[in-house]
Every structure is written in C-alpha cells, then in structure tokens.
Amino acid sequence: MNWIGYRVVFRLHSPLHIGWRKVGNVQVTRPYLTGRSFWGALTERLVRDRAATATQMATDSNGYQEVGKQVNEMLAFTYFYPALQSDNDYQVVWTWDDERTFRRRFLSSYQSTALVYPAHSAAEGSLHEIEFLSPHTLDTADPVYLVGYVFAHKDCSLRWRDALTRLQFGGERGYGWGKTELVSLEKADDVFGYAVDCSGHRPVITVPKGERLLAHTKPDQAMIAGEVEPLVGREWHNNSGAGASITHFGVVYAPGGIATNEHCFAVESFALWQKQS
C-alpha cells in the first residue's frame, strides 16, 4: 500500500470565499473548497511552521515553491464539500441536488465600497459585493463543516497533520475569512462512498455509472455528461510578483458531471482527476 487515506472534517468559523467568476459587481464564490485552495493553505502553513524552527525566512519564495512541490508529490487530496452534522456523523450537502435550496441555506454576500470623505460620498466605481459560504446555515443557524479526504504517501515526512489544525482558506483572509477548526481526522477506505485504490503511483477512484464527478476532471475520451469550463489560476514565481504568473490547466469538466459509464480516475496534483486507461 503506497498511500494511506484519511477523512478530514473542518468546522467553518468565518465566511469562506473561493474565487470563481465575476457577475456585474459581484465576486461569485464556488460552493466548495477546491484542491488548489487547499494546497495553497497547506503549503503556506508548512512553510511558516518550518520557518519558526529554522533559519529560512517565511518570506523566501523559494521555500514556498519547494514545499508546494513536496505537497503535490507526497500528498493527494480531494475537494472539500459543505456538510452538516447528523447522528454523530457529517452529511455532505451537494449543491447539484437542489441548487436553489443550497444557495438559500448556505450562501450569502457582503457589500462594501470606498468612501470619498471630503465629499461624504462613495468613490465612483468602487462598489463591490463578495459572495461567501456561510459558517452557519442561514435558515436554522446550524454549524457548517467541510468534508474531504487526504492521502499520505508511505514515504511522506511532511508535518501535514499538525498543519491541518491551523489552516485558513480562500480570499479576504486579511478580514478574518476562511478560518477553520479541525474536528475529525480518521483513516478511510473510500472517498465519499466511492472505492479507492491506494496501491499505485497515485490514488485511483472508481466512479460508478451514473454517479457524479467530485473534482475538476481532465477530458480524456471519458464518457461524461456535464458542464465544462477553463481552469485558470495565478501563482507567485521568482521575479514575477504575487499572482503575476498565470497557469492554465485547459478546459475541464466541472464537479457535478455525470459518468455515463464506470470510470477510474487518478487523483493528480491540485486534486485534479485524470481518467485511467
């Protein structure tokens, strides 16, 4: 067995914004935590923890690139989805089951604008609205959790378990958004009920016919019915500055797509799925 799987549950303690797209002046959030956001938060925490006990400074971009590469090589993980506590367990609430009800219960937004104090008015063009996943349901005020899976390679030496206790995800972190508490970390033999093979180069998940994709999936002659979208991100490379380097993963199937036949998918870097032949 090359990989050991764990189910990870976080409790959300503040609004969570995972950038998706802009509609008018509204910054729309994804209704789940992407693998790339999880990778970024985990990499940041591992680098800062290491800097606290070593001579390397946490502001050295080389350290983030080095640790980020190790995270992708030694760990595999899924996307994390909102869940509610039920009967001493955590029940995932899928946005595609009833999107209207999901939005009404879990998503809200925050509006703000810059002010021109001498004129006692709002600055022109500065009004914006940021959508977020609420830390409590909007109808019953139940706490909201994030459920996902992490796979550690047998040779992994990263202190990722300690890092999970102090992670902050997504955007607007300077305002306190994205704070989480680790409430459960236990070994698992499946992924959201799907069978998983941990004996190969990467964990491989089997999606039965008619079931949903649970991550962005690279198209590769797989029979899938669902939406596609370009997957683009920003990175900080040497001498480029924060977010100046744009990465493009191509056009992929969005989470929620349906496998029209049974398929096996490897969990690649940033939690992207790649169909196995």
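Structure's up top.
The shown structure was predicted, so the numbers you read here are calculated from the model rather than taken from an experiment. (Residues numbered from 1 in each chain as written. Predicted model: local features only at pLDDT ≥ 70, side-chain atom pairs only at ≥ 80, totals over all residues. Heavy atoms only, no water.)

Novice: Break down a negative patch on the surface for me, with residues and values.
Specialist: On the surface, a cluster of negative charge is made up of Asp97, Asp98, Glu99 and Glu227. Tracing the sequence through the fold places Asp98 in the loop between strand E6 (89-92) and helix H3 (99-106). (Patch = residues over 30% accessible without salt bridge, like charges linked within 9 Å, V, L, I, M, F, W, Y side chains within 5 Å. Areas by Shrake-Rupley, 256 points an atom, 1.4 Å probe, with all protein chains shown as cover. Salt bridge = Lys/Arg side-chain N within 4 Å of Asp/Glu carboxyl O. Lys, Arg positive; Asp, Glu negative; His and termini not counted. Charge placed at Lys NZ, Arg CZ, Asp CG, Glu CD. Helix = DSSP H or I, 4+ residues; strand = E, 2+ residues; numbered from the N terminus.)

Novice: Lay out the pairing of strand E15 (residues 204-207) with the relevant residues and their values.
Specialist: Relative to E15, strand E14 (residues 194-197) runs antiparallel, the two sharing three bridges. Bridge assignment links Val196 to a residue of E15, and that residue is Ile205. The loop that links E14 with its antiparallel partner E15 comprises six residues. Two strands pair when backbone bridges link them, and E15 and strand E21 (residues 263-267) are joined in this way by four bridges, in the antiparallel orientation. What sits directly across from Val204, in E21, is Ala266. (Pairing = 2+ DSSP bridges.)

Novice: Report on the sheet that holds strand E3 (residues 26-29), specifying residues and quantitative values.
Specialist: Spatial ordering of the open sheet is given by E2-E3-E10-E7, a layout of four strands whose pairing is mixed. With one partner strand each, in any of the chains shown, strand E2 (19-23) and strand E7 (107-112) form the two edges of the open sheet. Ignoring strand direction, the axes of neighbouring strands in this sheet form an average angle of 25°. The pairing of E3 with strand E10 (residues 128-133) spans two bridges and is parallel. The residue of E10 that forms the bridge with Gln27 is Ile130. Strands E7 and E10 of the sheet are contacted by H3, whose axis makes an angle of about 55° with E7. (Axes fitted to C-alpha atoms, helices over the stretch in contact; angles between N-to-C directions. Contact = heavy atoms within 4.5 Å.)

Novice: Explain the nonpolar core to me, using residue names and the numbers behind them.
Specialist: One finds Phe38, Leu42 and Leu75 to be the most contacted residues of the largest nonpolar core, which totals 72 residues. Counting residues per element, this core draws most heavily on strand E11 (residues 145-153), at seven residues. (Core = buried A, V, L, I, M, F, W, Y, C linked by side-chain atoms within 4.5 Å. Buried < 20%, exposed > 50% of the residue type's maximum accessible area, 1.4 Å probe, protein only.)

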